[in-house]
Amino acid sequence: MDKQLSLTVNALDLFRLEGRRAVVTGGGRGLGEVMATALAQAGADVAVVSRTLDDCRATAEAIAGQTGRRAMAVAADVTRADEVERMASEVEQTLGPVDILINSAGVNVRGAAHELAESDWDLVVNVNLKAPFLCARRFGPRMCERGWGRIINMGSILSVIAMPGRAPYASAKAGVVNLTRVLALEWANSGVTVNAICPGPFATEINRPILNDPAKYKAFVEKLPIGRWGELHEIAGPALFLASDAASFITGSTLFVDGGWTAQ
Ligand SMILES: NC(=O)c1ccc[n+]([C@@H]2O[C@H](COP(=O)([O-])OP(=O)(O)OC[C@H]3O[C@@H](n4cnc5c(N)ncnc54)[C@H](OP(=O)(O)O)[C@@H]3O)[C@@H](O)[C@H]2O)c1
């Protein structure tokens, strides 16, 4: 008799996102744009969110044109609960209930701790840590009610290592990992997973000061066992994986996409 295989589903189908609706904060450019595109390529409708409507519109139009999925743009400052509520209502009215949230909005202000202003700390901690909390708090319970959801928070290698000149960013990104774990535990039995992606260096706006300084750029390359910075498309697979049914037994976890930096 033919053997009955234990894998009874098509593994590739687990990555399909048809019928899902996603919100990607910071989706107007950089890693958020790549992740929003990847979700749409897999079949999801997407809402692209940042403070700059033109960026979001350009990205949403390109995604819709290239994937045939619905893609909308919403301008919102996700550090403010009222803006998060307005953004969420707009998305739900246009696309329907949200199944996938990627918190990719991020900002960095570098400098020695004693030289940073209180406003630098507040900005960096609010965008990187408070905003994921506000967005998860808005969308997570509704995902729980429907019994399926995916939340992905963007940490960093600085979630687990330290570097001089990074006090607010490293503190916020460390917080992101434990926020992820707490939310994962709170929603674990409701079909909602919460995970973090911790990237190493990718050439996006947030790294402009390093990209503009050949010595700093080279110093980063020397820290990377893979011997190079990440290429933008290399964030697409990890995001799609965690957003899909392929990662249904993974929650409260942290996926390092860092060329081996934190393996050392
Ligand atoms: N690139 C890397 O090497 C790297 C490494 C580790 C972690 N990360 C993390 O990955 C995420 C994406 O970074 P990225 O490389 O794509 O950076 P990026 O190109 O600078 O994009 C950041 C995005 O966040 C948006 N944003 C900033 N403040 C916001 C706010 N208050 N409300 C709404 N949107 C806001 C920006 O748009 P507006 O300014 O127009 O609002 C932009 O769309 C961030 O969380 C970052 O910390 C990146």
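Residues numbered from 1 in each chain as written. Predicted model: local features only at pLDDT ≥ 70, side-chain atom pairs only at ≥ 80, totals over all residues.

**Details of the sheet that holds strand β2 (residues 45-50)**
Turning to step 1, where the next piece is worked out: In spatial order, the strands read β3-β2-β1-β4-β5-β6-β7; together these seven strands make up an open sheet with parallel pairing. Each edge of the open sheet carries a strand with a single partner, namely β3 (71-75) and β7 (254-257). With strand direction ignored, the average angle separating the axes of adjacent strands in the sheet is 15°.
Turning to step 2, where the next piece is worked out: As paired elements, strand β5 (residues 149-154) and strand β6 (residues 192-199) share six bridges and run parallel to each other. Within β6, the residue paired with Ile152 across the bridge is Asn195.
Turning to step 3, where the next piece is worked out: Sitting on the sheet, helix α5 (residues 167-187) is in contact with β5, β6 and β7, with an inclination near 165° to β6.
Turning to step 4, where the next piece is worked out: Along the sheet, helix α8 (residues 236-243) contacts β4 (100-103), β5, β6 and β7; its crossing angle with β5, the most-contacted strand, is approximately 145°. (Pairing = 2+ DSSP bridges. Helix = DSSP H or I, 4+ residues; strand = E, 2+ residues; numbered from the N terminus. Axes fitted to C-alpha atoms, helices over the stretch in contact; angles between N-to-C directions. Contact = placed C-beta atoms within 7 Å.)

**Some details on the nonpolar core**
Turning to step 1, where the next piece is worked out: Ranked by size, the top nonpolar core spans 72 residues in total, and within it Met35, Leu39, Val46, Val48, Val49 and Ala239 carry the most contacts.
Turning to step 2, where the next piece is worked out: If you tally residues by element for this core, the top one is helix α4 (residues 118-146), at ten residues.
Turning to step 3, where the next piece is worked out: Those residues in contact with Ala239, other than ones at most four positions away along the chain, are Met35, Ala38, Ile102, Ile152 and Ile197. (Core = buried A, V, L, I, M, F, W, Y, C linked by C-beta atoms within 7 Å. Buried ≥ 20, exposed ≤ 12 C-beta atoms within 10 Å, placed from the backbone.)

**What to know about the site of the ligand**
Turning to step 1, where the next piece is worked out: Around the ligand, 29 residues are found, and the nearest of them are Gly26, Gly30, Arg51, Thr52 and Gly106.
Turning to step 2, where the next piece is worked out: Within the residue set of the shell around the ligand, elements represented by two or more residues are α1 (30-41) and α4.
Turning to step 3, where the next piece is worked out: In terms of residues, the shell around the ligand owes the most to one element, α1, which gives three residues.
Turning to step 4, where the next piece is worked out: In terms of residue class, the shell around the ligand is made up of ten nonpolar, 14 polar and five charged. (Near = placed C-beta within 6 Å. Nonpolar A, V, L, I, M, F, W, Y, C, P; charged D, E, K, R; others polar.)

**What about the environment of Ala219?**
Turning to step 1, where the next piece is worked out: Looking at the secondary structure, you find Ala219 in helix α7 (residues 214-223).
Turning to step 2, where the next piece is worked out: Note: C-alpha distance between Ala219 and Gly230 (eleven residues apart in sequence) is 15 Å.

**Observations concerning the packing of α1 against helix α2 (residues 53-67)**
Turning to step 1, where the next piece is worked out: For the pair α1 and α2, interaxial distance at closest approach is 10 Å and the crossing angle is 30°. Classified by the angle between their axes, α1 and α2 sit roughly parallel to one another. Helix-helix and strand crossings are classified by hand; for α1 and α2 the assignment is right-handed. Contacts between α1 and α2 involve Glu33, Ala36, Thr37, Ala40 and Gln41 from the former and Thr59, Ile63 and Thr67 from the latter. (Parallel < 35°, antiparallel > 145°, perpendicular 65-115°, else oblique. Left-handed = near helix turned anticlockwise from the far one by under 90°.)

**What to know about the packing of helix α3 (residues 81-94) against α4**
A pair of packed helices can be characterised by two numbers: the angle between their axes and the separation between those axes.
Turning to step 1, where the next piece is worked out: Where α3 contacts α4, the axes come no closer than 10 Å and their chain directions differ by 40°. Looking at the two axes, α3 sits oblique to α4. Between α3 and α4 lies a crossing whose hand is right-handed. Judged by residue contacts, Ala81, Val84, Glu85 and Ala88 of α3 engage Leu134, Cys135, Arg138 and Phe139 from α4.
Turning to step 2, where the next piece is worked out: Looking at side-chain class alone, the contact of α3 with α4 contains six nonpolar, no polar and two charged residues.

**Quick notes on the pairing of β2**
Within a regular beta strand, the side chains point alternately toward one face of the sheet and then the other, so they alternate between its two faces.
Turning to step 1, where the next piece is worked out: Among the six residues that make up β2, six are buried, leaving the element largely enclosed by the rest of the structure.
Turning to step 2, where the next piece is worked out: In β2, alternate side chains face the same way, and those of Asp45, Ala47 and Val49 on one face and Val46, Val48 and Ser50 on the other are all buried.
Turning to step 3, where the next piece is worked out: As defined by bridge partners, strand β1 (residues 21-25) adjoins β2 across five bridges and the pair is classed as parallel. Within the sheet, the bridge partner assigned to Ala22 lies in β2 and is Val46.
Turning to step 4, where the next piece is worked out: In this fold, β1 hands off to α1, which returns the chain to β2; that crossover is right-handed.
Turning to step 5, where the next piece is worked out: Considered for its hand, the β-α-β crossover made up of β2, α2 and β3 is right-handed. (Right-handed = clockwise from strand over helix to strand, strands pointing away.)

**Quick notes on α5**
Turning to step 1, where the next piece is worked out: Between its first and last C-alpha, α5 extends 30 Å over 21 residues, near the 30 Å set by a 1.5 Å rise per residue.
Turning to step 2, where the next piece is worked out: The inward-facing, buried residues of α5 contact α4, β5 and β6. (Expected span 1.5 Å × (residues − 1).)

**So, the pairing of β1**
Turning to step 1, where the next piece is worked out: Burial within β1 is extensive, with five of its five residues counted as buried.
Turning to step 2, where the next piece is worked out: Neither face of β1 is exposed, since Arg21, Val23 and Thr25 on one face and Ala22 and Val24 on the opposite face are all buried.
Turning to step 3, where the next piece is worked out: Judged from the four bridges that link them, β1 and β4 form a sheet pairing that is parallel. Of the residues in β4, the one forming a bridge with Thr25 is Asn103.

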